[in-house]
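An overview of the molecular structure
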Amino acid sequence: MQTLTPTAKWRTNFMEEQHHTEQTKKKKKPFFIKLLTGIFWLVLFVVLLLLAGFIFSALHKKNSLSMLPPDYSLHLHMDNAWKAVNPLVDLEAADIILSQPQFLSLRPAFMSWRTSALRQNKLVALAASRKIDAALYTENSFTDFIAVVDLSFLSLATRLLPLYKSLINVENLYYIETTLHPGVEKFFAFHVSNDMTIYIKPIQNTLVLSSNLELFERAITIDNSSSYSKDALMLIKTKTENPIHVIANASKLSSTLLTSTEDNYMLSQLLPLIKENTFSLISFGITDSRIKAEANIPLDPPENSSLSRLVTAPSKLPSLPARLSDRVQYYTLINAGSLEELKNAAFPLLPPEKKIDSLWSTGNSLCKALFNTSLEDLLFSWSGNEFAVLGMEGVDNPVFAIQVRDEKQRQKIFDRVISSIIVKSDTSLIVDGMRLPQLMLPSFLQALLGAFNINLPSAYYYVHDGYIYLSLSPEPLSALYSSSAAGSFIAMKEEWKDVQPRLTRGTSLSLFYNLAQSTPFFLRNDNVLTQILDLYTIGRTDLALGNSNLSLTLNAVSRHSGDLRSLNGFPLELLGKPSPYTIAKQTKDGPFIFWLEDQTKLSALNTVTKEKTELTLPDPCFITENTSTSDDSYCIWASTRRGEVYLINSSLQIKAGFPITLSSTPSADASAFAGGLAVPLTNSSLALVETNGKTRYVELPLFGSLKAAPGVLGENIALYDKSIMGSIFIVKNGVCINEDAPMEVSGIAFGSPALMEQKGSLLTAFITQSGELSLWRDGRMETGFPKQLEGIFFHNLVASDSYFYALSSDARLFRISPKGEVLIVQIPNASAENPFLCVLEPNKNKISHVYVCPDGNAIYGFNEKMELLTAFPLAGWGTPSFMDTNGDKRAECFTVSMNNTLNAWNLR
Amino acid sequence: MKKIIFYKSLTALCFSFLFMNFFSCATLKDDVQVSTEDSLEEDAMTLLEKRVCELDAQTFMGMPSDSSGANLTRLLEDAKAASSSVQKAQYAKLQALQGRIYLMEGKRKKAKECYTDSVNTYKGEVQGVILANRLSLVHSLDEEAAKLSTSRDKALLTLEKALQAYGENQYAASLSLFDTAFISLPAFYKNAYKDIRAKAWEYRNITGSEKAGTDLLKKTTVTVGELLVIACQENEKLQSLLGGSAASQNTLYRKACALGFLSSVTEESALPLENDFCSKVLAARFFWNVHAYLTGMENTAPYTEKLSKRKASPFQDLPFGNADFDAVMGCVENEYLNLKDGIHFEPESSVSALLLSEAAKKLR
């Protein structure tokens, strides 16, 4: 056995200790791991806590209905507010409403929301996909409402509000603590205007909002769930295909509406028919192409009411629409009962001052005396249940159609009337082989009709297919007859079928209009409703009765395919003469249109707020869009005739350091390129101005001079040295790359070369006035070029990504492929000696179109296949510009006109 | 004899009485046969409308009436034949068109009667509004246009506004309205009014209200003296060079001669007289000399030197060695005057006053 020395022992012990320590160290977890583990547990705890919070928030809920007192007039329910409201933002009708002066202040926020990327954000959509119940109370005013938003699991945020309420700092939003309103001691108040404050309080899973403090208290302090009847609850929970459904207390709403519309005697007489305190379901859907609305109103006619019979009998399917000619543009059809039933129902509704009963009895006695028959027999013995008023395009007088139940009896009655000495009849008129008799109605009949605002002193008429048609003039009758005889019926028309109610059922009253051909007189106004209805060109409303229930359907569709209309607020009258171009630009301050008047006055119009600013420059100038990526906050370049260059922002403020004074005066208009602005100068040089004000000059060995704005493509700038011995220079990155070997041109030409990039090569195309077309690839003439085009050319070529375009003086548009293939389109009856030609990408989607303005005030647009674009030609002069200004993802077209106007065309 | 006559009369009376017993008095009236197919053919109406607007355009341009006399008669006959129609709107339109024809003939009273008849028959017919406008019965065409429903009708009133603007010498506005209207109207309207529209295009840059200046600018040929007047009107620098705004044509001419503006560049040639016809080459000579003067150019014949190696002149109608070759070259390159087709200058052709005025504006 080996004996260890003390030193060796110490060493051994030390080693053992070291080993032990290392072992211990190895067993203990490192700090980093500990930290990560700690974070993990913390996060897990927070997530679990949040999850628990969300679950609690979702489960611990209050019924929205319990907070809506049931004495409302209207209850609006949205299962998903996002799905219901988000599509409404894109409606064209919204543009019309927001163009009204009273809503103009809301327009910027609306437009910015319409175009906002947040609308595409799934989290925003999730947050906004909440159930909303709102109710309108019309007892005192039409602005009293309660809205209950079911925040569901998101209510966690409102539940924790007491923790962070002091951090909330929103203008006009106040946190109120009061003892004046028991049960609602703490709430928020948002001051909208002097007339309106909205009170807000989160309660459990909901957020309650109201414009009336008393209603607000009632919503919060009283549980209203037991106040709803079973039927009402069922109606509220009914699922409809439309995202918004509205439940109305029809009797309450109607009485309020009728009180507010003052004296409508007849309508007020109808009020007692509506069952009191029952609810009706109104489902409503609106898109740009269609409006749909359906409503069911329970009726409870008093037993002694004259209308009881009409209301209780179910509506029948009318047969007149199937017989109506397609010349009919609008109609009103009554199919509620026989003439006698209608008389019995309608007479008590007429105001007493009309003395209808006395008129009737006088008429009856006269009738007996003159025709030896009673008025009842005269009118009721032959007529059926359908009565209609028909309106036709281009005709002032309407046609009245009455169903004939008994033709023999009608003939007998008519013969009796005609044979009398007091009724004059003329049967001499024959139209298209059809005799149209004319009947002078006796005065007592005229007086009776007058009570219903029908003026028919004499009537032409004809009887056909079970109906008698009457009109003051024979014109509509002959048109009706001839088109029906030719088999052209309204029921065969697609537009009529489009507005047919979903379910074919009876109707007691039906209204139809079609604005596609012309506008009916009742829509010839310029108010908001007419403008909106004008969007939906064809519409139909049906009212059906039966089982003490009134059902109402409205269907209207838009038929404006390829329609062109001016944007609201345009055309804008200009005080000065505009330069023939506009610049449309989406800036960080909104969408702007820039244009120049009298060559010196630069104007900017924010198309959302309609705010206009002006800047007068000291000399005549030319403006162009700043396409440089280095500073896009300043969007407009202006170069003056004296050689000063300005860089200007959308507020028309000049950038510090500008204007830059150039070494010489410009010899032509400038062009913006990727690096800044290229200005051809009279001293045979090209000035390149950058957005930071730095200016370089490129000296060029010119024989003649630069007479046109340079052609540009990215960093490449092409210049035409205009001369009989002309040449083309290419400047790239501030250097003329072909100074020693310019591309030579024989013959004189206008404009500048067009550039195109293809497979890494730079193509340069140019055409002389006499039509010699040259194409160089990287400075070398392509095989097959120069090529002679037939015509005289006062404008040089322009290029898209695939083609070059040329315009001859006789207004023929040439599309030339880089291989030399040519396609030609003739613009009719036009010349092009002072034309404008450009290629633009209106929707910034890599699809370019070519726009041509021949000599005059009309702009033509063609696609790459040389097909005329929809909505073109349109009124305008020079080059158009495009920008989506209303957020519909389709660009609008802006032009100026020679009669000093700025136009904006909605091309959808 | 008298007895026979009496019995015959009595018999006839008896028969008449019997006949009247069988038929009511109404049926004794002759039937009025109307066919919508004969008179209301859309093509016929279009043809009539076309002829009226052709005539309207001729009358507007003050074309001789002898050529339109026969047309007028035919149109009136057409209108009358078609007016037996029962279509009220069409009748109103025909009456309005007839009124317009009367107005063209100077028969204002008859035109007014037609208008009254048209409006009483059918309100809202656009031809009625046009007639009313011609009769100075319309307060504002814009207000009337707002009442119309179809885009075609509105376009017709835009056309009416174009004619009105032309009559008021607002040529740019007139042109703009013409083209706007033509977008929505049938092609025959564009054909009928193309000459007026072409004039509006030609005169689009005339903005002055002074009749004398406007009349001068409308000239298609000018004298040398007029060239100087026009150039001075449009260019202040030139005006001060040649004696100010109040200077007479003769003063301008004398000063221009003194400054050598009317002398040929390369060789001595006779100066044109003040009242000589100003050909295109003379105009080129003047503009080139002024250009050289204003830019301080020492050598006014640079092209003769530069192009001396070329075998042929770039212009087919102006050879090398022509006294004005450099002037023409200079004017073409500087875009004062253009070649006709890229090859021909047409030196002896006339130049319109408007082209000269545009060229003078470019002199700096």
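Quick note: structure is the one above.
For the structure given in this document, a descriptive report is provided here. Here the structure is a predicted model, which means the values were calculated and not measured. (Residues numbered from 1 in each chain as written. Chains lettered and ligands numbered in written order. Predicted model: local features only at pLDDT ≥ 70, side-chain atom pairs only at ≥ 80, totals over all residues. Heavy atoms only, no water.)

Scanning chain B for helices and strands turns up 21 helices and 1 strand. Expressed as a percentage of the 364 residues in chain B, the buried residues total 48%. If you take every contact in chain B between residues at least 6 apart in sequence, the share linking residues at least 24 apart comes to 63%. Total accessible area computed for chain B in this model is approximately 18,500 Å², and 53% of it derives from carbon and sulfur atoms. (Helix = DSSP H or I, 4+ residues; strand = E, 2+ residues; numbered from the N terminus. Buried < 20%, exposed > 50% of the residue type's maximum accessible area, 1.4 Å probe, protein only. Contact = heavy atoms within 4.5 Å. Areas by Shrake-Rupley, 256 points an atom, 1.4 Å probe, with all protein chains shown as cover.)

Turning next to the overall build of chain A. In terms of regular secondary structure, chain A is built from 21 helices and 58 strands. Within chain A, the fraction of its 908 residues that count as buried is 51%. A sequence separation of at least 24 residues applies to 55% of the contacts in chain A between residues at least 6 apart. Taken as a whole, chain A presents about 43,200 Å² of accessible surface, with 56% of it coming from carbon and sulfur.

Residues and elements named next belong to chain A. The buried fraction of strand β11 (residues 328-334) amounts to 5 of the 7 residues, a majority that puts the element mostly inside the structure. Bridge count for β11 against strand β12 (residues 383-392) is 6 bridges, and the pairing is antiparallel. Its bridge partner lying in β12, Val-328 is registered against Met-392. In the sheet, β11 pairs with strand β20 (residues 509-514) via 5 bridges, with the strands oriented antiparallel. Its bridge partner being in β20, Tyr-331 is matched across the sheet by Phe-512. (Pairing = 2+ DSSP bridges.)

Before going further, it helps to spend a moment on the sheet that holds strand β28 (residues 612-616) of chain A. All names here are of chain A. The sheet built from 4 strands is open, its strands ordered β25-β26-β27-β28 with antiparallel pairing. Strand pairing shows two members of the sheet lacking a second neighbour, β25 (583-587) and β28, which therefore form its edges. Neighbour-to-neighbour, the strand axes of the sheet open up by a mean angle of 25 degrees, direction not taken into account. Pairing between strand β26 (residues 590-597) and strand β27 (residues 601-606): 6 bridges, direction antiparallel. When the sheet's bridge partners are listed, Glu-597 is paired in β27 with Lys-601. (Axes fitted to C-alpha atoms, helices over the stretch in contact; angles between N-to-C directions.)

This next bit is on helix α8 (residues 126-134) of chain B. Residues and elements named next belong to chain B. Of all 9 residues that make up α8, 8 are buried, and the element is covered over most of its length. Residues of α8 that are buried include every one of Val-126, Gln-127, Gly-128, Val-129, Ile-130, Leu-131, Ala-132 and Asn-133, and no others. Remark: Ser-136 follows α8 within two positions and exhibits a positive phi of approximately 60 degrees.

Leu-159, Tyr-189, Tyr-193, Leu-238, Phe-286, Phe-287 and Phe-315 of chain B are the most contacted members of the largest nonpolar core, which totals 125 residues. Those residues in contact with Phe-286 of chain B, other than ones at most four positions away along the chain, are Leu-227, Leu-228, Ala-231, Leu-238, Phe-261 and Leu-262 of chain B. In this structure, Ile-274, Val-311, Leu-375 and Phe-387 of chain A belong to the second largest nonpolar core, which totals 41 residues. (Core = buried A, V, L, I, M, F, W, Y, C linked by side-chain atoms within 4.5 Å.)

The next point concerns helix α13 (residues 194-202) of chain B. Along α13 of chain B, the residues classified as buried are Ile-196, Arg-197, Ala-200 and Trp-201 of chain B. Around the axis of α13 of chain B, the buried residues are gathered within 145 degrees of arc, so they sit on the same side. (Arc of directions from axis to C-beta.)

This part covers the sheet that holds strand β48 (residues 798-799) of chain A. Residues and elements named next belong to chain A. A sheet is described by the order of its strands in space; here 4 strands give the open sequence β48-β49-β50-β51, paired in antiparallel fashion. Looking at the sheet topology across the chains shown, the edges are occupied by β48 and β51 (822-826). Across 4 bridges, strand β49 (residues 804-807) lies against strand β50 (residues 812-816) in antiparallel orientation. Note on β50: the bridge partner recorded for Tyr-805 is Arg-815.

Let us look at unusual backbone geometry. Looking along the chain, the bond that leaves Phe-658 of chain A and enters Pro-659 of chain A is cis, with omega of 5 degrees. As for its placement among the helices and strands, Pro-659 of chain A is situated in the loop between β31 (644-648) and β32 (660-661). The amide bond that connects Phe-785 of chain A to the next residue, Pro-786 of chain A, takes the cis arrangement and shows omega of 0 degrees. Structurally, Pro-786 of chain A is set in the loop between β46 (780-781) and β47 (787-788). Look at Lys-846 of chain A: it is not a glycine, yet its phi comes out positive at around 70 degrees. Here Lys-846 of chain A shows up in the loop between β52 (836-840) and β53 (849-853). Even without being a glycine, Glu-346 of chain B presents a positive backbone phi close to 55 degrees. By secondary structure assignment, the location of Glu-346 of chain B is in the loop between α20 (325-333) and α21 (353-362).

A word on the packing of aromatic side chains. Inspection of the entire model under this criterion finds 38 aromatic pairs over all chains. Look at Phe-347 of chain A and Trp-360 of chain A: their rings are 5.7 Å apart centre to centre, the planes differ by 80 degrees, and that puts the pair in the edge-to-face class. Here Phe-347 of chain A is found in the loop between α14 (339-346) and α15 (356-371), whereas its partner Trp-360 of chain A is found in helix α15, with 13 residues between them in sequence. Of the two residues, Phe-347 of chain A and Trp-360 of chain A, both sit in the buried class. Put simply, the rings of Phe-261, Phe-286, Phe-287, Tyr-293 and Tyr-336 of chain B touch in pairs and so form one group of aromatic residues. (Phe/Tyr/Trp six-rings, centres within 6.5 Å; stacked < 30°, edge-to-face > 60°.)

Take the packing of helix α11 (residues 171-184) of chain B against α13 of chain B next. Residues and elements named next belong to chain B. Contact pair α11 / α13: the axes reach a minimum separation of 8 Å and the direction vectors enclose 135 degrees. In terms of orientation, α11 lies oblique with respect to α13. Pair α11 / α13 crosses with left-handed handedness. Within the contact between the two elements, α11 uses Tyr-171, Ser-174, Leu-175, Phe-178, Asp-179 and Phe-182 and α13 uses Ile-196, Arg-197, Ala-200 and Trp-201. The residue inventory of the contact of α11 with α13, partitioned by class, reads 7 nonpolar, 1 polar and 2 charged. (Parallel < 35°, antiparallel > 145°, perpendicular 65-115°, else oblique. Left-handed = near helix turned anticlockwise from the far one by under 90°. Nonpolar A, V, L, I, M, F, W, Y, C, P; charged D, E, K, R; others polar.)

A few words on the pattern of salt bridges. Residue and element names in this part refer to chain A. Evaluated as defined, the whole model comprises 26 salt bridges over all chains. Here Asp-71 makes a salt bridge to Arg-218, at a shortest N to O gap of 3.1 Å. With a gap of 147 residues between them, Asp-71 in the loop between α2 (31-59) and β1 (74-78) and Arg-218 in helix α9 (residues 213-221) connect regions that are remote in the sequence. For Glu-782, the salt bridge identified is with Arg-777, shortest N-O distance 3.3 Å. By sharing partners, the salt bridges in this structure join Glu-597, Lys-601, Lys-612 and Glu-614 into a single network. (Salt bridge = Lys/Arg side-chain N within 4 Å of Asp/Glu carboxyl O.)

Moving on, we come to the environment of Lys-199 of chain B. All names here are of chain B. Relative to the assigned elements, Lys-199 resides in helix α13. For Lys-199, a relative accessible area of 26% corresponds to the partly exposed category. Along the sequence, Lys-199 and Lys-218 sit 19 residues apart, while their C-alpha atoms lie 9.4 Å from each other. When neighbours within four sequence positions are excluded, Lys-199 is seen to be in contact with Met-61 and Tyr-166.

To continue, consider the pairing of β49 of chain A. Residues and elements named next belong to chain A. Side-chain alternation along β49 places Phe-804 and Ala-806 on one buried face and Tyr-805 and Leu-807 on a second face that is also buried. Pairing of β48 with β49, which is carried by 2 bridges, proceeds in the antiparallel orientation. For Ala-799, the partnering residue across the bridge sits in β49 and is Phe-804. As consecutive antiparallel partners, β48 and β49 are separated by 4 residues. The hairpin formed by β49 and β50 contains 4 residues between the paired strands, and Ala-811 there has a positive phi angle of roughly 60 degrees.

Before going further, it helps to spend a moment on the environment of Gly-820 of chain A. All names here are of chain A. Along the chain, the position of Gly-820 falls in the loop between β50 and β51. On the basis of relative accessibility, which here comes to 9%, the residue Gly-820 falls in the buried class. For the pair formed by Gly-820 and Gly-784, sequence separation is 36 residues and the distance between their alpha carbons is 7.3 Å. Once residues within four sequence positions are removed from consideration, Gly-820 is found in contact with Phe-785 and Lys-787.

With that settled, the discussion passes to the side chain of Arg-204 of chain B. For Arg-204 of chain B, the position within the fold is in the loop between α13 and α14 (211-217). In terms of polar contacts, Arg-204 of chain B uses its side chain to reach the backbone carbonyl oxygen of Trp-201 of chain B, at 2.7 Å. (Polar contact = N/O pair within 3.5 Å; in protein donor to acceptor, adjacent residues only side chain to side chain.)

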